[in-house]
Amino acid sequence: MIEIRSARTLDVERAIPVKSPIVSARTVSGGDYRIDGGSIFGIVPKPLWEKTYPADRQNRILQSTNCRLIQLSGQNILIDTGYGSGWPERFNSHHDLFSGCPISASLGNIGLKPTDIHHVICSHLHFDHAGGTTSLGENGQWAPTFSNAQYHFQKTEWDQATSDAVEFRGAYDSERLKPLQATGQLVLHEGDDEVLPGLTLHHTGGHTPGHQSIRVETSEGVGWYLGDICATTTHLSVNWCMAFDLELLVTRRQKIRLLGEIARSGDMVWFDHDTKFASSRIERISDHQFALAR
Ligand SMILES: [Zn+2]
């Protein structure tokens, strides 16, 4: 059973601030990992990016997965799930993955069980964002990690991730995603949409055609989980993009548009992969360059 929500364009400028008490938005780690530095910085020469992200002997750099836990009106909303567990040993050692399920452990550290999560939103369905959506059961089958949650993805992203098309092979693990379809927990959105008052999805495309960023009105101001549109503070230059970006020009254009809007309004950026700054306000330096606010 899949619920599909029709497209609806939200006007961010005119969004009405919510009065309902949004208690908090905090970082919950979905696990650190290592990945090829060139893949994270695309066309940028290594001598430039390694000043902030030094590479190891295998050219890998450390990346965090700064998932977000939003608590509002008695509901627990998780944005992205990190890489989860149950990967083959070769994949584990290639990426230096933590053992166990990091996102479940992080939630446990703040007194929450997977069953306490009401909504899971993924920016997109690559392994480091959606790996924790499901877990391997004792019967050897994949099942939702968050058994009481609705899972919110863009329909385009879901269709692509579960298509098993040759051109996406290696980008998605459809075997661990598909079980979400059988449990009636999927909510597929087509375009911009509202999950709860003050929590909206913004279809960006770019990194993947079905990528979405998430805007949240918290009691400390508005936060933007940009996903892999701007993964670290080192990506605040418009042309510093990932080699993974399927629609590179779209990423650049969305980055200019979204960062410009965020800098203008004084909102916070929540960086999903930064190892030092999970959250910061930013300022505009030039037409193509942003920086952490001083
Ligand atoms: Zn990522």
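Described below are features of the structure shown in this document.

Cut-offs and rules
- Residues numbered from 1 in each chain as written.
- Predicted model: local features only at pLDDT ≥ 70, side-chain atom pairs only at ≥ 80, totals over all residues.
- Heavy atoms only, no water.
- 1 Å grid on protein atoms, 1.4 Å probe; cavity = no way out; pocket = protein on both sides within 12 Å on 5 of 7 lines; lining within 4 Å.
- Points joined across faces, edges and corners; volume = space filled by probe spheres on them.
- Helix = DSSP H or I, 4+ residues; strand = E, 2+ residues; numbered from the N terminus.
- Nonpolar A, V, L, I, M, F, W, Y, C, P; charged D, E, K, R; others polar.
- Contact = heavy atoms within 4.5 Å.
- Core = buried A, V, L, I, M, F, W, Y, C linked by side-chain atoms within 4.5 Å.
- Buried < 20%, exposed > 50% of the residue type's maximum accessible area, 1.4 Å probe, protein only.
- Disulfide = S-S within 2.5 Å.
- Donors = N, O, S within 2.8 Å, 3.2 Å for Na, K, Ca; no water.
- Tetrahedral: all angles 85-135°; square planar, octahedral: opposite > 155°, others 65-115°.

## Notes on the layout of surface pockets
Stage number 1. What the largest pocket holds in volume is close to 420 Å³.
Stage number 2. Lining of the largest pocket is provided by 28 residues; of these, His126, Phe127, Gly170, Ala171 and Phe244 occupy positions nearest its centre.
Stage number 3. Looking at the lining of the largest pocket, the elements that each hand over two or more residues are strand E3 (33-36), helix H3 (89-95), helix H5 (127-130) and helix H7 (174-177).
Stage number 4. Broken down by element, the lining of the largest pocket gets its largest block of residues, three residues, from H5.
Stage number 5. For the lining of the largest pocket, the per-class residue count stands at 15 nonpolar, eight polar and five charged.

## Considerations on the side chain of Ser280
Stage number 1. Considering the arrangement of structural elements, one finds Ser280 in strand E17 (residues 279-284).
Stage number 2. Leave out the neighbours within four places in its chain, and Ser280 touches Asp267, Met268, Val269, Phe271, Leu292 and Ala293.

## Observations concerning empty space enclosed by the protein
Rolled over the atoms, a probe as big as a water molecule pinpoints where empty space is left.
Stage number 1. Tallied over the entire structure, the rule returns one cavity of 30 Å³ or more.
Stage number 2. Along the walls of the largest cavity sit Thr65, Asn66, Cys67, Asp80, Asp128, His129, Tyr225, Asp272 and His273, which together make up its complete lining.
Stage number 3. A breakdown of the residues in the lining of the largest cavity according to their chemical character gives two nonpolar, four polar and three charged.

## Digging into the nonpolar core
Stage number 1. Counting 26 residues, the largest nonpolar core has Leu107, Leu125, Phe146 and Phe153 as its most contacted members.
Stage number 2. Listed by contribution, the elements that provide at least two residues to this core are strand E5 (66-72), helix H4 (102-109), strand E10 (150-154), helix H6 (155-161) and strand E11 (186-189).
Stage number 3. In this structure Phe146 touches Leu78, Thr81, Ile103, Leu107, Pro114, Ile117, Val120, Gly132, Thr133, Tyr151 and Gln185, once residues within four positions along its chain are discounted.
Stage number 4. If you look at the next biggest cluster of nonpolar residues, it comprises 15 residues, including Ile40, Phe41, Val44 and Leu97.

## Section: the state of the cysteines
Stage number 1. Overall, the coordinates contain zero disulfides when judged by the stated rule.
Stage number 2. No disulfide involves Cys230; its sulfur sits 8.7 Å from the nearest other cysteine sulfur, which is in Cys241.
Stage number 3. Here Cys230 falls in the buried class, since its relative accessible area comes to 0%.

## As for the coordination of the zinc ion
Stage number 1. Bound to the zinc ion are the protein donor atoms Asp128 (OD), His129 (NE2), Asp228 (OD) and His273 (NE2), situated 2.0 to 2.4 Å from the metal.
Stage number 2. Coordination at the zinc ion is irregular: its four donor atoms span angles of 84 to 158° at the metal.
Stage number 3. Linear spacing of the donor residues for the zinc ion on their chain is D-H-x98-D-x44-H. Here Asp228 is found in the loop between strand E15 (221-225) and helix H9 (248-265), whereas its partner His273 is found in the loop between strand E16 (268-270) and E17, with 45 residues between them in sequence.
Stage number 4. Residue class for Asp228 comes out buried when judged on its relative accessible area of 4%.
Stage number 5. For His273, a relative accessible area of 1% translates into the label buried.

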